[in-house]
Structure formats: structure tokens, C-alpha cells
Amino acid sequence: MAIIIAKIEETIIAYVIMLILGVHIILTTKKSRLQGKVLSYIGIVHLYYISYMLTLLSFTVFKHNFKPYFYLSEILKFISIIGISIFTFTTIIYLLHSKIFDKRFVEYIAAMTLTISITLYVSTPFSGLIFKIDENMQYIRGPLYLFPYLISLVYYVFILMVIVNCIKTAYDKNEKKFAFMFIAFIMVPLVGQSVSRAVNVPILEISLAITFLIFYLDFSKRNVSTDSLTGLNNRRFLITDLYSLMKRKDRDKLVLLMIDANDFKKINDNFGHQEGDKSLIRIGQALEQCTYFLKHCTVARYGGDEFIIAFIERQNNDGRLIAYTITKTLEKINQEENAKSDVTISIGIENYKEEYLTPEEFIKAADDALYEIKKEKYTWKNFT
């Protein structure tokens, strides 16, 4: 009984820590895809804590004599096991800017996996596929009992692939350290579970909460380098990543696209700032759709209505081709969303030269190219 009470106390402490972090994120950060991913992770961890509390209470209050109660706790447990692995995977892909998997495909598969899993678990009291409770209140494993654990294992293998790839390919030491931190983020709870079982001391739940707390402190310190409106990288990340690209051996193939919304002030004046924000979001969507397949690439909102793409060309004039594709994609997005303002863009292109010693010098050269484009009223629509 003392061990059970200690586990209940530990779970309550862990729950409160995660609850405080969730409230702090809501109050101190703007709505964004990143905020949604982090809050989703916190929510699914809360679900795990609730399921664990229900299981503990079943030992002390119901003595396993209330079948619906026990079914509820087990179903929530299985859903949270799958959910934690899925949301960890999607969040890490987003934070590490991984190009191993297509982000849109990952989101689709994750949603489909979670939907199938929830349907399977909710129906298990009738189907017995995951488990069932017989008339004597005995727990009997079903034919698909290992399903959530196998799915979670697959996602954790994918997570390790993303982390290892980031460590191998990142040129910035801070990005490598950030990737290494995720290994600890995954391993500490697993070690906590092993220690908890070995010495019969309840530390798993609190270790999960403390690990996330440490991650969140670093998360806040870095500001995650994400623009809250568009979900693209922000200026801070751009400078760091561009510096790394300029140190590559194949930097002679590096090209930078400086992108600016045309007549953006008129959009704000005629349609309001909310429509102006939507215009910037549509530009961001066009940039992401046209660059997700590029391996050595950074896409960022530089500030205001200016965006930057920098990447290593595989063939000459890839920069021009991407610029043309972006303008056409933006036109399509404007039409699909029935936008009030058909925002258009101008793009200045600059190839790397050894005389550019800093990212700022490189950006200044691309900005000068953009100025010439603007002066000629040319927006790549006539590109051939």
C-alpha cells in the first residue's frame, strides 16, 4: 500500500509540473504550428498520467471489482502510449527541420495511425482484440495486445533516424547539441522505468516530467528559431544556418533568393492587417511546398514581408527554376483560398561569391538584386 501511495504522489507531482508548463506555453507564446505540436504532446502525456492514476486507484478503491473503470484506465493507457510516440516524432521532425521524411506525408500517416488506434482501443471491450476482462476480473491479452508497443517501437526507430541524421549533417555545433538533447529526452524516461522496476521506487512519471522541463527550458532559451506567424524559420535561425552553408565545401553552388511581397502596404490599407497576415502565410506555404525536397536548404521569414531561401544548387539555374515555381504556386494558393488579395512577389537571386565573408554581406547582395527586379517591375512571371 505504501508503494501505491508513493506512486500516486509521484504522478500528481509530475501532472502538476506538466500542467504548469502547458499553461505557461499558452500564456507566453503566440499561436503557431509549433505551439500546437508541443501542447499536443503535453496533452497526451497528461492522458498517460490520468490512465496511470486510474490504474493505481483501482487497486485502492475498487479492488479491480468495477469492470468499466478498469477498461477505461487500460484504453487511455494504450492510446497515450501510441500518442506519445507519434507526437514526439512529429515534433522532433519539426524542431530539427528534418528532410528525411516529407512533413505533409508524416502528418497524414500520424493522423491515420492515431485514428485507427483510437478506434481499435475504444472497440476492444466488445472485440477483445487488445485485451478483455473475464467474469472473474482476470486480465486476458488479446491477439493485438502488442500492437501499440510495436507501433511505438517503429516511431522511436524513426525518431532515432532523424536525430542521427541531424547530428551527422548539421554544420552548426548548437544544432548538433540540440539533436543530442533529444536522445536524452527519449532515454531518460526509459532508464527511469528500468530503475523503477529494479529497485521498486516510483520515478518513471516524475523523470518524464523533469526531462520535459529541462527540454522546455532549452526550448525557451533558443526561442526555437521559428516565426510564429508563418511557421518558417526566423531571422535568428537563418543567419546561423546560412553561415553554416557558407562554410560548406560546395558553397560555390550556394544560391540565395530574396523574396518580397509586392505592394504589401496597399494590401494592409485596402483589406486590413488580418488579410495582410494571411497573405504572408500564403507566401510561406508556397515557399515550403516548393523547397521541401531540397536537402541543403534553409527557408525563413527575414522580417516584415521579406523572405529568404538559401540552398545548394544541383544544377545551374536551379535558383531561377525555384523562383518561377514559387510564383506559380502562390498564384494557385491564392485561387484555391479565394483570397481577397492576390498577393504577388518579386524575387532577387544572388549566387555565392568568396568575397562574401558574412551572411549579412550575402543577404545585402541578394537584396540589391531584388531592388533591381523591383525597379524593373519584374516578378518572374515572364520567366522562360
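Parameters at a glance
- Residues numbered from 1 in each chain as written.
- Predicted model: local features only at pLDDT ≥ 70, side-chain atom pairs only at ≥ 80, totals over all residues.
- Heavy atoms only, no water.
- Buried < 20%, exposed > 50% of the residue type's maximum accessible area, 1.4 Å probe, protein only.
- Helix = DSSP H or I, 4+ residues; strand = E, 2+ residues; numbered from the N terminus.
- Arc of directions from axis to C-beta.
- Contact = heavy atoms within 4.5 Å.
- Pairing = 2+ DSSP bridges.
- Salt bridge = Lys/Arg side-chain N within 4 Å of Asp/Glu carboxyl O.
- Expected span 1.5 Å × (residues − 1).
- Patch = residues over 30% accessible without salt bridge, like charges linked within 9 Å, V, L, I, M, F, W, Y side chains within 5 Å.
- Areas by Shrake-Rupley, 256 points an atom, 1.4 Å probe, with all protein chains shown as cover.
- Core = buried A, V, L, I, M, F, W, Y, C linked by side-chain atoms within 4.5 Å.
- Axes fitted to C-alpha atoms, helices over the stretch in contact; angles between N-to-C directions.
- Parallel < 35°, antiparallel > 145°, perpendicular 65-115°, else oblique.
- Nonpolar A, V, L, I, M, F, W, Y, C, P; charged D, E, K, R; others polar.
- pLDDT = per-residue confidence, 0-100.
- 1 Å grid on protein atoms, 1.4 Å probe; cavity = no way out; pocket = protein on both sides within 12 Å on 5 of 7 lines; lining within 4 Å.
- Points joined across faces, edges and corners; volume = space filled by probe spheres on them.
- Lys, Arg positive; Asp, Glu negative; His and termini not counted.

**A few points about helix 10 (residues 264-271)**
Logical step 1: Inspection of helix 10 places Phe264, Ile267 and Asn268 among the buried residues, and these make up the whole buried set. For helix 10, the buried positions fall inside an angular range of 95° around the axis, keeping them on one side. Exposed residues lying more than 90 degrees from the buried face of helix 10 are Lys265, Lys266, Asp269 and Asn270.
Logical step 2: If you follow the buried residues of helix 10, they end up packed against strand 3 (254-261) and helix 11 (273-291).
Logical step 3: Glycine 272, located one to two residues past helix 10, shows a positive phi value of around 95°.

**Structural notes on the pairing of strand 5 (residues 306-312)**
Logical step 1: Among the seven residues that make up strand 5, six are buried, leaving the element largely enclosed by the rest of the structure.
Logical step 2: Pairing of strand 3 with strand 5 involves seven bridges; the strand directions are antiparallel. Bridging across to strand 5, valine 255 finds its partner in phenylalanine 311.
Logical step 3: Inspection of the sheet shows strand 4 (residues 297-303) paired to strand 5 by six bridges, in the antiparallel sense. If you follow glycine 303 over to strand 5, its bridge partner there is glutamate 306.
Logical step 4: Counting the residues in the hairpin turn of strand 4 and strand 5 gives two residues, including glycine 304, whose phi is positive at 60°.

**Concerning the pattern of salt bridges**
Logical step 1: For the coordinates displayed, the defined rule picks out 10 salt bridges.
Logical step 2: Lysine 364 is paired through a salt bridge with aspartate 368; the nearest N and O atoms lie 3.0 Å apart. Separated by four residues within a single helix, lysine 364 and aspartate 368 lie in helix 13 (residues 359-375), roughly one turn from each other.
Logical step 3: According to the relative accessible area criterion, lysine 364 is partly exposed, its value standing at 47%.

**So, helix 12 (residues 318-336)**
Logical step 1: A rise of 1.5 Å per residue sets the reference length of helix 12, with its 19 residues, at 27 Å; its end C-alpha atoms lie 27 Å apart and thus fit the reference within 8%.
Logical step 2: Looking at the packing, one finds that the buried side of helix 12 touches strand 3, helix 11, strand 5 and strand 6 (345-351).

**What about a nonpolar patch on the surface?**
Logical step 1: The grouping of Ile100, Leu146, Tyr149, Leu150, Leu153, Val157 and Met161 at the surface amounts to a nonpolar patch, some 620 Å² of accessible area in total.
Logical step 2: Assignment of secondary structure puts isoleucine 100 in the loop between helix 3 (67-95) and helix 4 (103-122).

**Observations concerning the nonpolar core**
Across soluble globular proteins, nonpolar side chains show a tendency to be buried alongside one another.
Logical step 1: Within the largest apolar cluster, 54 residues are counted, with the highest numbers of intra-cluster contacts made by Met18, Tyr41, Leu96, Ile163, Phe182 and Phe212.
Logical step 2: Secondary-structure elements contributing two or more residues to this core are helix 1 (2-28), helix 2 (33-62), helix 3, helix 4, strand 1 (131-133), helix 6 (147-169), helix 7 (173-199) and helix 8 (204-222).
Logical step 3: Residue contributions to this core peak at 13 residues, all from helix 3.
Logical step 4: Once residues lying within four places of it in the same chain are set aside, the contact partners of phenylalanine 212 are Met18, Leu21, Val38, Tyr41, Ile42 and Phe185.
Logical step 5: Ile267, Cys290, Leu330 and Ile347 belong to the second-largest nonpolar core, a separate cluster that totals 27 residues.

**A look at the packing of helix 9 (residues 235-245) against helix 13**
Logical step 1: Here helix 9 crosses helix 13 at 100°, and the two axes come no closer than 9 Å. Considered as vectors, helix 9 and helix 13 are oriented roughly perpendicular to each other. Contacts between helix 9 and helix 13 involve Leu238, Ile239, Leu242 and Tyr243 on the former and, on the latter, Pro359, Glu360, Phe362 and Ile363.
Logical step 2: Residues belonging to the contact of helix 9 with helix 13 are distributed by class as follows: seven nonpolar, no polar and one charged.

**As for the confidence of the model for the chain**
Low-pLDDT portions of the prediction should not be read for the details of their coordinates.
Logical step 1: When the pLDDT values of the chain are averaged, the result is 82; 85% of them are 70 or greater.
Logical step 2: When the criterion is pLDDT under 50, residues 380-384 qualifies, and its contacts beyond four places in sequence or with other chains add up to 12 contacts.

**Overview of empty space enclosed by the protein**
Logical step 1: Inspection of every chain in the model, using the stated rule, returns two cavities of 30 Å³ or more.
Logical step 2: In this model, the largest cavity occupies a volume close to 70 Å³.
Logical step 3: Forming the walls of the largest cavity are Val38, Tyr41, Thr88, Thr91, Ile92, Phe182, Phe185, Phe212 and Phe215.
Logical step 4: Contributions of two or more residues to the lining of the largest cavity are made by helix 2, helix 3, helix 7 and helix 8.
Logical step 5: Examining the composition of the lining of the largest cavity, we find that three residues originate from one element, helix 3, more than from any other.

**Looking at the side chain of glutamate 313**
Logical step 1: Among the structural elements, glutamate 313 can be located in the loop between strand 5 and helix 12.
Logical step 2: Buried charge without a salt bridge: glutamate 313, with arginine 320 as the nearest opposite-charge side chain at an N-O distance of 7.6 Å.

**Quick look at the pairing of strand 6**
Logical step 1: Within strand 6, six of the seven residues are buried, leaving the element largely enclosed by the surrounding structure.
Logical step 2: As judged from the seven bridges shared by strand 3 and strand 6, these two strands associate in the antiparallel manner. Looking at strand 6, one finds that methionine 258 is bridged to glycine 348.

**A short note on the environment of isoleucine 81**
Logical step 1: Within the secondary structure layout, isoleucine 81 lies in helix 3.
Logical step 2: Each C-alpha atom, one on isoleucine 81 and one on leucine 47, is 9.4 Å from the other, the two residues being 34 residues apart in sequence.
Logical step 3: In contact with isoleucine 81, other than residues within four places in its own chain, are Pro148, Tyr149 and Ser152.

**Re unusual backbone geometry**
Logical step 1: Notably, asparagine 317 is not glycine yet its phi reads approximately 70°, a positive angle.
Logical step 2: The topology assignment puts asparagine 317 in the loop between strand 5 and helix 12.
Logical step 3: A positive phi is found at asparagine 338, a non-glycine position, where the angle reads about 50°.
Logical step 4: Counting through the fold element by element, asparagine 338 comes out in the loop between helix 12 and strand 6.
Logical step 5: For asparagine 338, a relative accessible area of 68% translates into the label exposed.

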